[in-house]
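# A structural walkthrough
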Amino acid sequence: MKDISFLKEKAKEIRRSIVSMIAEAKSGHPGGSLSATDILTALYFSEMNIDPANPKMEGRDRFVLSKGHAAPAIYATLAERGYFSKDELLTLRKFGSRLQGHPDMKKLPGIEISTGSLGQGLSVANGMALNAKIFNENYRTYIVLGDGEVQEGQIWEAAMTAAHYKLDNLCAFLDSNNLQIDGNVTEIMGVEPLDKKWEAFGWNVIKIDGHNFEEILSALEKAKECKDKPTMILAKTVKGKGVSFMENVCGFHGVAPTAEELEKALAELA
């Protein structure tokens, strides 16, 4: 387990990369990328069994970014972890770049599955976890979902499947920032009470502050201790976390910061 101060500094650096690459591209999704940053930081710098020098290492833990539009978060995290040069981050969404608007498993090391069509990631994660069970592999599968995403029916079919097959090697995070592209999740299509719903579907449910590293790491430990059930970590987060003028602002779901806004954001993240 890494020192908390180390993780906080890594998360800050990842956030700086996120806003910089999106500003350079003049396109992308800062809000949901920033809200998921602390979760990804904990996974990639403290929790997961991975090797950036050998991305296809046998027995590696798997990660699925189901909310694929938050690609800048996974790109910045992978670069910070050493999968590829951080210089490449500024090629986001440019013609010929490996860093497309949504993750592409065929182009970039560290990407286990191409995502972006919301609602499908949990089914894929189920397959990865079930594969480990069938072939007696020890790796774990982690996934990050969006709270707007769980309005999709396929999520709940996958939720039943994971519980039916007792996928205790599957750990999901719900990045619950209560904002989606069109507005407030509660107003567009309410998904609460999420804890009772996931419990009713047979999951082990843990509620945390998604920006508190102590709570994130503790939840990950509890997930590993749970047997015969998949774990859902309901992480309460803030859209645009770390940049004051983006926090809880729906408009920054898919809008790039201007040069002036980037300067202000980087000053806040210094």
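This text goes with the structure placed above it.
Residues numbered from 1 in each chain as written. Predicted model: local features only at pLDDT ≥ 70, side-chain atom pairs only at ≥ 80, totals over all residues. Heavy atoms only, no water.

## Topic: the layout of surface pockets
Over the atoms, a rolling probe the size of a water molecule traces out where space has been left empty. Of the volumes computed, that of the largest pocket is approximately 260 Å³. In terms of lining residues, the largest pocket is bounded by 19 residues, among which His-69, Leu-118, Gln-180, Ile-181 and His-253 are the most central. A per-class count over the lining of the largest pocket returns three nonpolar, eleven polar and five charged. The computed volume of the second largest pocket comes to approximately 220 Å³. Contributing to the lining of the second largest pocket are 14 residues, with Ser-176, Glu-192, Leu-194, Lys-207 and Lys-236 lying nearest its centre. Of all elements in the fold, only α6 (185-189), α7 (194-200), β6 (204-209) and β7 (231-236) reach the threshold of two or more residues within the lining of the second largest pocket. The residue makeup of the lining of the second largest pocket, split by class, is six nonpolar, three polar and five charged. (1 Å grid on protein atoms, 1.4 Å probe; cavity = no way out; pocket = protein on both sides within 12 Å on 5 of 7 lines; lining within 4 Å. Points joined across faces, edges and corners; volume = space filled by probe spheres on them. Nonpolar A, V, L, I, M, F, W, Y, C, P; charged D, E, K, R; others polar. Helix = DSSP H or I, 4+ residues; strand = E, 2+ residues; numbered from the N terminus.)

## Regarding the pattern of salt bridges
This model, assessed by the stated rule, comprises 14 salt bridges. Linking Glu-47 and Lys-224 is a salt bridge whose minimum nitrogen-to-oxygen distance equals 3.0 Å. Remark: Lys-224 occurs in helix α8 (residues 213-225) and Glu-47 occurs in helix α2 (residues 30-47); sequence separation between them is 177 residues. For Glu-88, the salt bridge identified is with Arg-98, shortest N-O distance 2.8 Å. Taken together, the positions of Glu-88 in the loop between α3 (71-81) and α4 (121-134) and Arg-98 in the loop between α3 and α4 put the pair ten residues apart, joining distant regions of the chain. It is possible to trace a salt-bridge network through shared partners that takes in Glu-9, Lys-10, Glu-13, Arg-16, Glu-80 and Lys-86. (Salt bridge = Lys/Arg side-chain N within 4 Å of Asp/Glu carboxyl O.)

## Some points on unusual backbone geometry
Looking along the chain, the bond that leaves Glu-192 and enters Pro-193 is cis, with omega of 0 degrees. Within the fold, Pro-193 resides in the loop between α6 and α7. Located in the positive-phi region is Lys-26, a residue other than glycine, with phi close to 60 degrees. Structurally, Lys-26 is set in the loop between α1 (4-25) and α2. By relative accessible area, which is 71% here, Lys-26 ends up exposed. (Buried < 20%, exposed > 50% of the residue type's maximum accessible area, 1.4 Å probe, protein only.)

## Notes on the environment of Asp-228
Within the secondary structure, Asp-228 is located in the loop between α8 and β7. Between the C-alpha atoms of Asp-228 and Ala-162, which are 66 residues apart in sequence, the distance is 10.0 Å. Contact partners of Asp-228, with chain neighbours within four places excluded, come to Lys-166 and Asp-168. (Contact = heavy atoms within 4.5 Å.)

## Comments concerning the environment of Gly-183
Along the chain, Gly-183 turns up in strand β5 (residues 183-184). The spacing of Gly-183 and Val-249 is 66 residues in sequence and 9.0 Å in space, taken between C-alpha atoms. Apart from the residues lying within four places of it in its own chain, the contact partners of Gly-183 are Asn-178, Ile-188 and Cys-250.

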